[in-house]
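# Survey of secondary and tertiary structure
This is what each chain is made of:
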Amino acid sequence: MAEAGEDGAYSYKGMSADNIKGLVLALASSIFIGASFIVKKKGLKKAGASGIRAGVGGYSYLYEPLWWVGMITMIVGEIANFAAYAFAPAILVTHLGALIIIIRSYTFFGILGCVLCLVGSTTIVLHAPQEREIRSVLEVWDLATEPAFLFYAALVITAVFVLIIHFIPQYGQTHIMVYIGVCSLVGSLSVMSVTALGIALKLTLSGMNQLIYPQSWAFTIVVITCVITQMNYLNKFAMGGLHGSIIGEVDLWQI
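This text gives an overview of the structure that appears in the document. (Residues numbered from 1 in each chain as written. Predicted model: local features only at pLDDT ≥ 70, side-chain atom pairs only at ≥ 80, totals over all residues. Heavy atoms only, no water.)

### A look at the overall build of the protein
- When its secondary structure is counted, the protein shows nine helices and two strands.
- Across the protein, helices and strands are ordered from the amino to the carboxyl terminus as β-β-α-α-α-α-α-α-α-α-α.
- Out of the 255 residues belonging to the protein, those deemed buried represent 42%.
- Here the analysis covers contacts within the protein between residues at least 6 apart in sequence; of these, 71% occur between residues at least 24 apart.
- Summing over all exposed atoms, the protein offers an accessible surface of approximately 13,500 Å²; the carbon and sulfur share of this is 71%. (Helix = DSSP H or I, 4+ residues; strand = E, 2+ residues; numbered from the N terminus. Buried < 20%, exposed > 50% of the residue type's maximum accessible area, 1.4 Å probe, protein only. Contact = heavy atoms within 4.5 Å. Areas by Shrake-Rupley, 256 points an atom, 1.4 Å probe, with all protein chains shown as cover.)

And the structure:
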């Protein structure tokens, strides 16, 4: 960041230590999650060959060891991603999900687009002003319960239910947007909750216990609900006959 010197000039101090930690965690997260998509896809195909495919409502993949290897790899990546939100702004962490596409992309322009996304998001963070320090999860709760955000959350939840109840049964096998819609809309809520929970754990580990507040557990419930919903529909998406390299891009819509 830039600070004014004695002569009034501004000197550049670079990324903060927390942003660097968040950057490293986000990069590690993208590598693990990108690899997990490949392993899980193979597991889903193997399970679909001997049981009911996930794309038509089957859950035979739960008995496939290869799918669980991919799931464990994804969990490791998501833990790193979760921790990254506690140190770096969402605009950096979310866009670094582009690395997932690079790992799985097969075209020059796909890789080029993701590299530009990484360079752009990193440049934004390098020149962004220092964020206000959060000293309690209650501060995040106050922001999350403002009328404007509550109105947005109500619209998102309504739209998700409409997509799940009406559009997915009719168009899920032929239109990618219904799955992108569910995962991205749910993801827009999970970003806020993951950030809040990450901050709560970070403050707790530093000696300021945030787990005594019911708000921390409310954010935890939201995170768990969002993750389960996204995982369910990503699995259906993966076996719905659509190109597998698109799956990772769903995360980039969340910002």
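### Section: the nonpolar core
- Among the nonpolar cores identified, the biggest contains 14 residues, and Val160, Ile168, Tyr179, Val182, Val186, Leu189 and Tyr233 are the most heavily contacted of them.
- Among the elements of the structure, α7 (147-171), α8 (176-205) and α9 (214-238) are those that each provide at least two residues to this core.
- Among the elements that line this core, the one with the most residues is α8, at six residues.
- Here Val182 is in contact with Val160, Leu163, Ile164, Ile168, Thr229 and Tyr233, once residues within four sequence places are set aside. (Core = buried A, V, L, I, M, F, W, Y, C linked by side-chain atoms within 4.5 Å.)

### Overview of the environment of Cys183
- Mapped onto the secondary structure, Cys183 falls in helix α8.
- With relative accessibility at 1%, the residue Cys183 sits in the buried group.
- C-alpha separation for the pair Cys183 and Gln230, spaced 47 residues apart in sequence, amounts to 5.2 Å.

### What to know about the packing of aromatic side chains
- One pass over the full model with this rule turns up four aromatic pairs.
- Ring geometry for Trp67 against Trp68: centres 4.9 Å apart, planes inclined by 85°, an arrangement best described as edge-to-face. (Phe/Tyr/Trp six-rings, centres within 6.5 Å; stacked < 30°, edge-to-face > 60°.)

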